[in-house]
Amino acid sequence: GFFQSYAVEVEIKDASNATCLYADWMMKFLITYESNSGDYKTTTLNLSSSVTHNGSVCGNDTQAALVAVQFGEGHSWSINMTKNNETYQGDFITLTYNTNDTAVFPDARRKGPVTVSVRDPLHPVQLNTVFVCHDSFFIEAENVTQIFWNVTVEAFVQNGTVSKKESRCPTDTPTSAPTVPPTTANVTTASTTTLSPAPTTAPKPVENPDTGNYSLKSGNKTCFLATVGLQLNVSQDKPLLININPKTTVADGACGNTTATLKLNDGNSTLIGF
C-alpha cells in the first residue's frame with residue numbers, strides 16, 4: 001500500500017487571539033485486531049477529510065500544551081507537550097480508535113473505543129524553533145503502528161508568530177523538499193538538466209528485484225514464510241518501477257487460526273501487506 005491520507009493543520013490561539021501553537025502534519029495507522037472468527041487482521045485507519053481539534057490548548061509554564069484531533073467514526077488522536085526554560089518536547093501520544101466503525105473494522109470481536117498511549121520518542125526542540133520532518137517515521141505500541149510524515153510543529157509560540165528557525169529530524173537535510181508519500185495519482189520521476197544534448201540511447205532495462213526471505217513466528221514456530229522478489233509497477237503518464245530491497249526491508253505481522261498477515265516496510269515510505 002502506498003500512503004494515502006489527508007493533511008491536518010491546527011493553529012491554536014490564546015485569549016488575545018495570538019497564535020500559541022501551530023502544527024501541520026500527515027499520519028495514518030496500521031492496527032491489528034481480533035476478528036469474530038478468532039483470527040487477527042491488520043487494517044489501515046486513515047484520517048478523514050473532516051477533522052476537528054476540540055480540546056486543544058496552548059499550554060504555559062505550568063500546564064502542558066495539547067493538540068487533540070477527532071476524525072471519522074469516533075476516532076481521536078492527541079499529543080501533549082511540555083517545556084522548560086530552553087526546550088519543548090512531546091510527552092505522550094494517545095490514539096483512540098473505535099472498532100464500531102465497520103468500514104475499518106468490519107468483523108471486530110471487541111466493540112467500542114480502544115486507547116493506546118506511547119511516549120513521544122523525538123528529542124527536545126529549542127524554544128522559538130519549528131520542528132520539521134518531511135521524511136516518514138514510525139511509532140509502534142501494542143498492536144498499532146503510527147506513521148507520520150510532512151510534519152511541521154511549534155509549541156509555545158513566542159509573540160504570536162511562528163518561527164522561521166527550523167530543527168530537522170535526522171533523516172531530513174536542510175535542503176530537502178517536502179516529501180509527499182507516493183500514490184498512484186501523484187507519483188513523479190526526477191529529471192536532470194545538462195548543458196549539452198545527451199546522446200540518444202536505449203532506456204536501461206530495470207533489473208529484476210532481489211529475492212528476499214521474510215518470515216513470522218508464533219512462539220518458537222514459523223507461521224508465515226515468503227521467499228519472493230518484489231517489484232511495484234505504478235502507472236501514470238510513464239510507468240514507475242520500484243524494486244523492494246530485502247536488505248532494508250523489515251517484516252512484521254501476525255498469525256491467526258485461519259489467516260495470517262505479513263507487513264513489509266522497506267524503510268522508504270513503502271508498506272506492503274499480504
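One structure accompanies this document, and this report is about it. (Residues numbered from 1 in each chain as written. Predicted model: local features only at pLDDT ≥ 70, side-chain atom pairs only at ≥ 80, totals over all residues. Heavy atoms only, no water.)

**Brief notes about the pairing of strand 12 (residues 144-154)**
Where burial is concerned, most of strand 12 is hidden: ten out of the eleven residues are buried. Of the strand pairs in this sheet, strand 10 (residues 130-133) and strand 12 are connected by three bridges, and their pairing is antiparallel. Counterpart to cysteine 133 in the pairing with strand 12 is valine 151. Summarising the sheet, strand 11 (residues 137-141) and strand 12 pair through five bridges and their orientation is antiparallel. Each bridged residue has a counterpart across the sheet, and for phenylalanine 137 the counterpart in strand 12 is phenylalanine 148. Here strand 11 folds back onto strand 12 in antiparallel fashion, the turn holding two residues, of which glutamate 142 has a positive phi close to 55°. (Buried < 20%, exposed > 50% of the residue type's maximum accessible area, 1.4 Å probe, protein only. Helix = DSSP H or I, 4+ residues; strand = E, 2+ residues; numbered from the N terminus. Pairing = 2+ DSSP bridges.)

**Focus: the sheet that holds strand 18 (residues 250-255)**
Read across the open sheet, the three strands follow the order 18-19-20; overall the sheet is antiparallel. Looking along the sheet, the strands with just one partner apiece sit at the ends: strand 18 and strand 20 (271-273). Neighbour to neighbour, the strand axes of the sheet diverge by 15° on average, direction disregarded. (Axes fitted to C-alpha atoms, helices over the stretch in contact; angles between N-to-C directions.)

**Observations concerning unusual backbone geometry**
Of note, asparagine 17 is a non-glycine position whose phi angle comes to about 70°, a positive value. Relative to the helices and strands, asparagine 17 resides in the loop between strand 1 (7-13) and strand 2 (19-34). Unlike most non-glycine residues, asparagine 128 shows phi in positive territory, near 60°. One can find asparagine 128 in the loop between strand 9 (125-126) and strand 10.

**Comments concerning the pattern of salt bridges**
This structure, assessed with the given rule, holds five salt bridges. As a salt-bridge pair, arginine 119 and aspartate 91 come within 2.9 Å of each other at their nearest N and O atoms. In this pair, arginine 119 sits in strand 8 (residues 113-119) while aspartate 91 sits in strand 7 (residues 87-98), placing the two residues 28 residues apart along the sequence. Between arginine 168 and glutamate 166 there is a salt bridge, with the nearest N and O atoms lying 2.8 Å from each other. (Salt bridge = Lys/Arg side-chain N within 4 Å of Asp/Glu carboxyl O.)

**Some remarks on the environment of lysine 165**
Position of lysine 165 among the secondary structure elements: in the loop between strand 12 and strand 13 (166-168). Spatially, the C-alpha atoms of lysine 165 and glutamine 126 are 9.7 Å apart, while their sequence positions differ by 39 residues.

**Some points on the packing of aromatic side chains**
Tallying each qualifying case throughout the model produces six aromatic pairs. Where phenylalanine 29 meets phenylalanine 71, the ring centres are 6.3 Å apart and the plane angle is 10°; that geometry is what we call stacked. You can see phenylalanine 29 sitting in strand 2 and its partner phenylalanine 71 sitting in strand 5 (residues 65-71), a full 42 residues away along the chain. Under the relative-accessibility criterion, phenylalanine 29 is labelled buried at 0%. The class for phenylalanine 71 is buried, based on a relative accessible area of 2%. Each ring, one from tyrosine 97 and one from phenylalanine 105, has its centre 5.5 Å from the other, and the planes form 25°; the classification is stacked. An aromatic cluster of at least three residues, connected via ring pairs, comprises Trp25, Trp77, Phe137 and Phe148. (Phe/Tyr/Trp six-rings, centres within 6.5 Å; stacked < 30°, edge-to-face > 60°.)

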